[in-house]
4 protein chains.
Amino acid sequence: MSTTAMINSHPNSTAGLSVDLLAEAIDAAAVCATTCTNCADACLAEESVADLRNCLRTNLDCADVCAAAASVLSRRTGSNVSTVKEMLTSCVTACADCADECEGHAGMHEHCRVCAEVCRRCEKACADLLTAIG
Amino acid sequence: MSTTAMINSHPNSTAGLSVDLLAEAIDAAAVCATTCTNCADACLAEESVADLRNCLRTNLDCADVCAAAASVLSRRTGSNVSTVKEMLTSCVTACADCADECEGHAGMHEHCRVCAEVCRRCEKACADLLTAIG
Amino acid sequence: MSTTAMINSHPNSTAGLSVDLLAEAIDAAAVCATTCTNCADACLAEESVADLRNCLRTNLDCADVCAAAASVLSRRTGSNVSTVKEMLTSCVTACADCADECEGHAGMHEHCRVCAEVCRRCEKACADLLTAIG
Amino acid sequence: MSTTAMINSHPNSTAGLSVDLLAEAIDAAAVCATTCTNCADACLAEESVADLRNCLRTNLDCADVCAAAASVLSRRTGSNVSTVKEMLTSCVTACADCADECEGHAGMHEHCRVCAEVCRRCEKACADLLTAIG
């Protein structure tokens, strides 16, 4: 992705934050948003859709939270640290909730197995960035 | 708005939550998202745009967080309480940050005065709902 | 809603466009986004969810398109008329598709009846604005 | 990205559409949404922000349209072809408008140069998919 190039060409410095950690959190959240939207739609098409209601729910919530997190993390003009930290926390929680749910039927549905992996990557990326911000 | 009618026609009960509190949080977050998008664009058009950078930043962050919160709060199928609570917390923080910023130039820009009011309404609605969820 | 106040306090004029038509399109699209998100979740909770797959699909598509349309319509700084007109056309189409679908089971599900009404309001508001822009 | 794996694990076939074309359109739109959000924030931080108003405008519009397009394209349950085609058309237009604007100062701002490239990729991917759908 072009995220590292965008971060490095921004007029403001990253204020000591690792470019790699920041780029990874933005990319992981953006991919997670699309993947969760995909997984919700695949669950909806399954014959067993009635058993996948909670998976659709956590997928759709996670997609919304990750999309918002990716946008908030993309901004570095001005200062809004408290909102950034809260959104990282929300994103860690939404990804963990969705991964827990998807892992429960990863053996039956390949889309849930892939989605759980993508959620775990985003959960870790946001947790690592939160630690780095302090 | 039609939010109360939508909540009351949902197959699931609100599990003891006040319909009024829930509808107010959804409506306040939805209006806040649009209002903050409007305020960011109005700030961009001001001659003093260079002095309004932080206002644009908090406007755009608040719009993203409120839109995601409105969507998450609109779901009641399955269970995802931890994500709901984190997003309410994020929304309280983003609205407080944006209202603090907008109030600083509410005397000069009517759009910032209106936006600050809308943010304070959403901050309160989400805080009240968070208290009710417990 | 506060949309009229926000439009009137924007530094730029509406370039001959009726404030009422513009405010109605923004408000109708914002309410439609939330209502469709609600309706998708209510359909998911219905026992007959397997028969409501297409309704969930058109609800979720309509929610995404309306949210994007509400944001694009909220901007008046600079000029981006071709994108504005295309998004109005997309919004008219998405609302018509969703209303057609919801009307098909409005007699069985009150949330679909309300959602169809909200979609028709947004379809009309965007079509009227498109005509006014020319 | 994991988009190809998600498409291939969806219960529904792609109805004759090339998986590569569909995956490329979803990925290109998702990356374009994040990149345009980044570029808007970088423009806001530039000393010459007052000269970059139209770039911020087309960036923010393009980010909203691309995010909605990526979500709509991720769905294949049920049928909503007219909305899909309209959103592809909107996305082609928004990306062309933003790329035209960013290319105008690509020599001065590296973030605009990268953003224009990402917009052109998305414009082409959506146009190609639109042709394939017919």
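All values reported here derive from a predicted model rather than from experimental measurement.

Colleague: Where do I start with the relation of the copies chain B and chain C in this structure?
Modeller: Turning one copy of the chain about an axis and sliding it along that axis gives the other copy, so a rotation and a shift relate them. The transform that puts chain B on chain C rotates by 180° and translates by 0.0 Å along the axis, for an RMSD of 0.0 Å. What we have between these two chains is a two-fold relation. No C-alpha of chain B approaches the rotation axis more nearly than that of Ala30 of chain B, which lies at 3.4 Å. With an isologous cut-off of 70% or more, the 100% of interface residues of chain B that recur at the interface of chain C puts this contact in the isologous class.

Colleague: Is there a simple way to explain the interface of chain A and chain B in this structure?
Modeller: How big an interface is tends to be stated in terms of accessible area lost as the parts join. Across the contact, 27 residues belong to chain A and 27 residues belong to chain B. Approximately 2,400 Å² of surface area, both sides summed, lies buried where chain A meets chain B, with 50% of it carried by carbon and sulfur atoms. Area buried by chain A at its contact with chain B is led by Arg57, Arg75 and Asn80 of chain A, which between them contribute 26% of it. Of the charged contacts in the structure, one is a salt bridge between Arg75 of chain A and Asp64 of chain B, with a shortest N-O distance of 2.8 Å. At the junction of chain A and chain B, the tally comes to 19 residue pairs in polar contact (both at pLDDT 80 or more). In terms of residues, the side of chain A that touches chain B owes the most to one element, helix H3 (residues 53-73) of chain A, which gives 11 residues. Split into classes, the residues belonging to the side of chain A that touches chain B amount to seven nonpolar, 12 polar and eight charged.

Colleague: Help me out: how do you make sense of the interface of chain B and chain C in this one?
Modeller: Facing the 31 residues of chain B at the interface are 31 residues of chain C. Summing both partners gives a buried area of about 2,600 Å² for chain B against chain C, and 67% of it is carried by carbon and sulfur. Run the count over chain B and chain C and you get zero salt bridges. Counting every contact that joins chain B to chain C gives 10 residue pairs in polar contact (both at pLDDT 80 or more). Every element with two or more residues in the side of chain B that touches chain C is listed here: helix H1 (3-8), helix H2 (19-45) and helix H5 (110-133) of chain B. In terms of residues, the side of chain B that touches chain C owes the most to one element, H2 of chain B, which gives 12 residues.

Colleague: Any chance you could explain the side chain of His105 of chain B here in plain terms?
Modeller: All names here are of chain B. Positionally, His105 belongs in the loop between helix H4 (81-103) and H5. Residue His105 is classed as buried on the basis of its relative accessible area of 13%. Setting aside residues up to four positions removed in sequence, His105 forms contacts with Leu52, Cys55 and Cys112.

Colleague: When you look at the pattern of salt bridges in this model, what are you seeing that I'm missing?
Modeller: Opposite charge on two side chains lets them pair, provided their charged atoms get close. In the structure shown here, the tally under the stated rule is 40 salt bridges over all chains. A salt bridge links Arg120 of chain A to Asp100 of chain A, with the shortest nitrogen-to-oxygen separation between them at 2.7 Å. Highlighted residues: Arg120 of chain A in helix H5 (residues 110-133) and Asp100 of chain A in helix H4 (residues 81-103), separated in sequence by 20 residues. The class of Asp100 of chain A is partly exposed, set by a relative accessible area of 48%. The salt bridge involving Glu24 of chain D is made with Arg121 of chain D; its shortest N-O contact spans 2.9 Å. Pair noted here: Glu24 of chain D is in helix H2 (residues 19-45) and Arg121 of chain D is in helix H5 (residues 110-133), with a separation of 97 residues, a long-range link. Judged by relative accessible area, which is 30%, Glu24 of chain D ranks as partly exposed. By sharing partners, the salt bridges in this structure join Arg57, Asp61 and Asp64 of chain A together with Arg75 of chain B into a single network.

Colleague: Would you explain the side chain of Asp61 of chain B in this entry?
Modeller: Turning to its location among the elements, Asp61 of chain B is positioned in helix H3 (residues 53-73). We classify Asp61 of chain B as buried; its relative accessible area is 0%. One polar contact links Asp61 of chain B to Asn80 of chain A, side chain to side chain, over a distance of 2.8 Å.

Colleague: Teacher, can you tell me more about the state of the cysteines here?
Modeller: Simply put, the disulfide is a covalent bond whose two ends are the sulfur atoms of two cysteines. This structure, assessed with the given rule, holds zero disulfides over all chains. Lacking any disulfide linkage, Cys102 of chain C is separated from the closest cysteine sulfur, that of Cys55 of chain C, by 3.7 Å.

Colleague: Where do I start with the packing of H4 of chain A against H4 of chain B in this structure?
Modeller: Packed helix pairs are specified by the crossing angle of their axes together with the interaxial distance, meaning the distance between the axes. The N-to-C vectors of H4 of chain A and H4 of chain B enclose an angle of 165°; their axes lie 9 Å apart at closest approach. Judged on the interaxial angle alone, H4 of chain B and H4 of chain A are roughly antiparallel. Every pair of crossing elements has a handedness; the one defined by H4 of chain A and H4 of chain B is left-handed. Judged by residue contacts, Ser82, Thr83, Glu86, Met87, Thr89, Ser90, Thr93, Ala94 and Asp97 of chain A of H4 of chain A engage Ser82, Thr83, Glu86, Met87, Thr89, Ser90, Thr93, Ala94 and Asp97 of chain B from H4 of chain B. Of the residues assigned to the contact of H4 of chain A with H4 of chain B, the class counts are four nonpolar, 10 polar and four charged.

What counts, and where the lines are drawn
- Residues numbered from 1 in each chain as written.
- Chains lettered and ligands numbered in written order.
- Predicted model: local features only at pLDDT ≥ 70, side-chain atom pairs only at ≥ 80, totals over all residues.
- Heavy atoms only, no water.
- Least-squares fit on C-alpha atoms with pLDDT ≥ 70 in both.
- Contact = heavy atoms within 4.5 Å.
- Buried area = accessible area lost by both parts, 1.4 Å probe.
- Salt bridge = Lys/Arg side-chain N within 4 Å of Asp/Glu carboxyl O.
- Polar contact = N/O pair within 3.5 Å; in protein donor to acceptor, adjacent residues only side chain to side chain.
- Helix = DSSP H or I, 4+ residues; strand = E, 2+ residues; numbered from the N terminus.
- Nonpolar A, V, L, I, M, F, W, Y, C, P; charged D, E, K, R; others polar.
- Buried < 20%, exposed > 50% of the residue type's maximum accessible area, 1.4 Å probe, protein only.
- Disulfide = S-S within 2.5 Å.
- Axes fitted to C-alpha atoms, helices over the stretch in contact; angles between N-to-C directions.
- Parallel < 35°, antiparallel > 145°, perpendicular 65-115°, else oblique.
- Left-handed = near helix turned anticlockwise from the far one by under 90°.

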